[in-house]
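Here is what each chain is made of, one letter per residue.
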Amino acid sequence: MGEILIQNADTVLTMDDDKRILRQTDVLIRDGQIAAIGQGLTTSGEVIRAEGCVVTPGLVNTHHHLYQNLTRAVPGAQDALLFGWLQRLYPIWSRFGPEEMFISAQLGLVELALSGCTLSSDHLYLYPNGARLEDTIHAAAEVGLRFHPTRGAMSIGESKGGLPPDHLVEEEAAILEDMIRVVDGFHDASEGSMCRVGLAPCSPFSVSRELMRDTALLARDKGVMLHTHLAENDEDIAYSEAQFGCRPGQYAEDLGWTGPDVWHAHCVKLNPREIDLFARSRTGVAHCPCSNCRLGSGIAPVRQMRDAGVPVGLGVDGSASNDMANLAGEARQTMLLQRVAQGADAMSAYEALEIATRGGADVLGRPDCGRLSPGKRADLAIWDVTGVASSGSWDPAALLLAGPNQVRHLIVEGRSVVRDGQVTTLDLPRLLEHHHRLALKLAEGG
Ligand SMILES: [Zn+2]
């Protein structure tokens, strides 16, 4: 693969173990890894000049539903609460198929890449009309992002007292069978892996207790991670208490859904006992601040989680509840929301960026990503701080206060994905045209 030298960056925010912030520094990339960081480095390979730039590790997205890119800002779902929002969208999603899954995933991953993301997870929990998890895996391989797809699932339809229509849910035996198929077919556990598969029943209110338990057993057997939605809002807590007779934290613990190989999206309503449980068990959280604001769910206690030692990363959440997936913007919103709740000193721009990079990588079980030091994967975001958004900043490295929210360059596994603000791995105008055409077709059907 050869070498790339990022030369003379104004600032490199390493997010390494010492959280070093380096000035006028070079980063040498070789064969997909960081080979060296320092001054006066040389190469016979490619040189990217980085004067006027801040270099950070690539941002890590720990929660998304990429397919929802085709249903952004849908009338009737724009102002609804979570359960009403789902009921508006389920009939539209039931008309998706493999083409919709592939194209929406490509569009969503491009949007993430432009905002600095090099590693994204995805939570795909419905498989209508022959759609399969690999539709998204093939999409990610073309875009060039590191990808952690999760095989989601729903099994309790309307006729069994659940929320989704019956034709969008699957039999639990078939779900487990397909989970085995996609792990065996696509999961790569090796260091530097570009694709790791996780298992992810949609939420405690859309699958049975037995499927939650059996999925946890299967994940442990296969050595893959577990993911779901948990404690998202007050309705969610009330449902758990009414249906299961306990809070979500207890439910998760009873069914094997705590541990360093588990991460839960949202966790807006975790109480102090549940925060302590997550900290002790090293259970991860995907914090999705814009989605939480958009759906009026509340402010997650991220400050308390971090202070207690809970691993926290960021997620943009699905594009039907955000409805934009700018991960740098999500990091800024994280900082702002903690300040709304707990004062201006509750979270610095640097800490929010740490959560967005190293924090997310740790949540996804990727200590080889999310920090810049020799031997780590070469996933980097390069931000131009000479433009309008940064002009006048006395601390351009405090990117989340004054700075661009799109990258100039993005490198994943030593490969250029964004160059001078343009995606290099695919034909973006063609993708946009295709995506737009599919969205129009869905809108015409209601
Ligand atoms: Zn979600």
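1. Some points on the packing of helix 2 (residues 98-114) against helix 13 (residues 428-444)
Relative to each other, helix 2 and helix 13 sit at 130°, their axes nearing to 10 Å. By the angle class used here, helix 2 and helix 13 are oblique. Judged by the sense of rotation from one axis to the other, the crossing of helix 2 with helix 13 is left-handed. Each of Glu99, Glu100, Ile103, Ser104, Gln106, Leu107 and Val110 in helix 2 lies in contact with helix 13, whose residues at this interface are Leu428, Leu431, Leu432, His434, His435, Leu438 and Lys441. Grouping the constituent residues of the contact of helix 2 with helix 13 by class yields seven nonpolar, four polar and three charged.

2. Points about helix 3 (residues 133-143)
Taken across its eleven residues, helix 3 has eight buried, putting it largely inside the fold. Phi turns positive, to about 100°, at Gly144, one or two residues after helix 3.

3. A look at the packing of aromatic side chains
Summed over the entire model, instances satisfying the criterion amount to eight aromatic pairs. Between Tyr90 and Trp93, the aromatic rings sit 6.0 Å apart at their centres with planes inclined by 80°, giving edge-to-face as the arrangement. Of this pair, Tyr90 and Trp93 are both found in helix 1 (residues 82-93), three residues apart, which corresponds to roughly one turn of the helix. In terms of burial, Tyr90 and Trp93 fall into one category: buried. Their ring planes at 15° and their centres at 3.9 Å tell us that Phe244 and Tyr251 sit as a pair that is stacked. Given a relative accessible area of 2%, Tyr251 falls into the buried group.

4. As for the pairing of strand 2 (residues 21-30)
Where strand 1 (residues 3-13) lies against strand 2, eight bridges are found, and the strand directions are antiparallel. Within strand 2, the position partnered with Ile4 by the bridge is Ile29. Judged from the five bridges that link them, strand 2 and strand 3 (residues 33-38) form a sheet pairing that is antiparallel. When the bridges of strand 3 are listed, Asp26 appears paired with Gly38. Counting the residues that bridge the hairpin from strand 2 to strand 3 gives two residues, and of these Asp31 lies at a positive phi of roughly 50°.

5. Description of the nonpolar core
If you look at the biggest cluster of nonpolar residues, it comprises 118 residues, and the most contacted ones within it are Trp85, Trp93, Leu145, Met305 and Leu410. Here the element with the most residues in this core is helix 2; it accounts for nine residues. Setting aside residues no more than four positions away along its own chain, Trp93 makes contact with Tyr67, Gln68, Thr71, Trp85, Leu86, Tyr125, Leu126, Pro128 and Ala320. Residues Ile4, Leu22, Ile29 and Ala378 belong to the second largest nonpolar core, which totals 18 residues.

6. Focus: the packing of helix 4 (residues 172-186) against helix 5 (residues 209-222)
Packing of helix 4 against helix 5 leaves a shortest axis separation of 11 Å and a crossing angle of 20°. On the basis of the axis angle, helix 4 is roughly parallel to helix 5. Helix 4 and helix 5 meet at a crossing whose hand is right-handed. On helix 5, the residues touching Glu172, Ile175, Leu176, Met179, Ile180, Val183 and Asp184 of helix 4 are Leu211, Asp214, Thr215, Leu218 and Lys222.

About the thresholds
- Residues numbered from 1 in each chain as written.
- Predicted model: local features only at pLDDT ≥ 70, side-chain atom pairs only at ≥ 80, totals over all residues.
- Heavy atoms only, no water.
- Axes fitted to C-alpha atoms, helices over the stretch in contact; angles between N-to-C directions.
- Helix = DSSP H or I, 4+ residues; strand = E, 2+ residues; numbered from the N terminus.
- Parallel < 35°, antiparallel > 145°, perpendicular 65-115°, else oblique.
- Left-handed = near helix turned anticlockwise from the far one by under 90°.
- Contact = heavy atoms within 4.5 Å.
- Nonpolar A, V, L, I, M, F, W, Y, C, P; charged D, E, K, R; others polar.
- Buried < 20%, exposed > 50% of the residue type's maximum accessible area, 1.4 Å probe, protein only.
- Phe/Tyr/Trp six-rings, centres within 6.5 Å; stacked < 30°, edge-to-face > 60°.
- Pairing = 2+ DSSP bridges.
- Core = buried A, V, L, I, M, F, W, Y, C linked by side-chain atoms within 4.5 Å.

No statement about biological role is implied by the geometric values presented.
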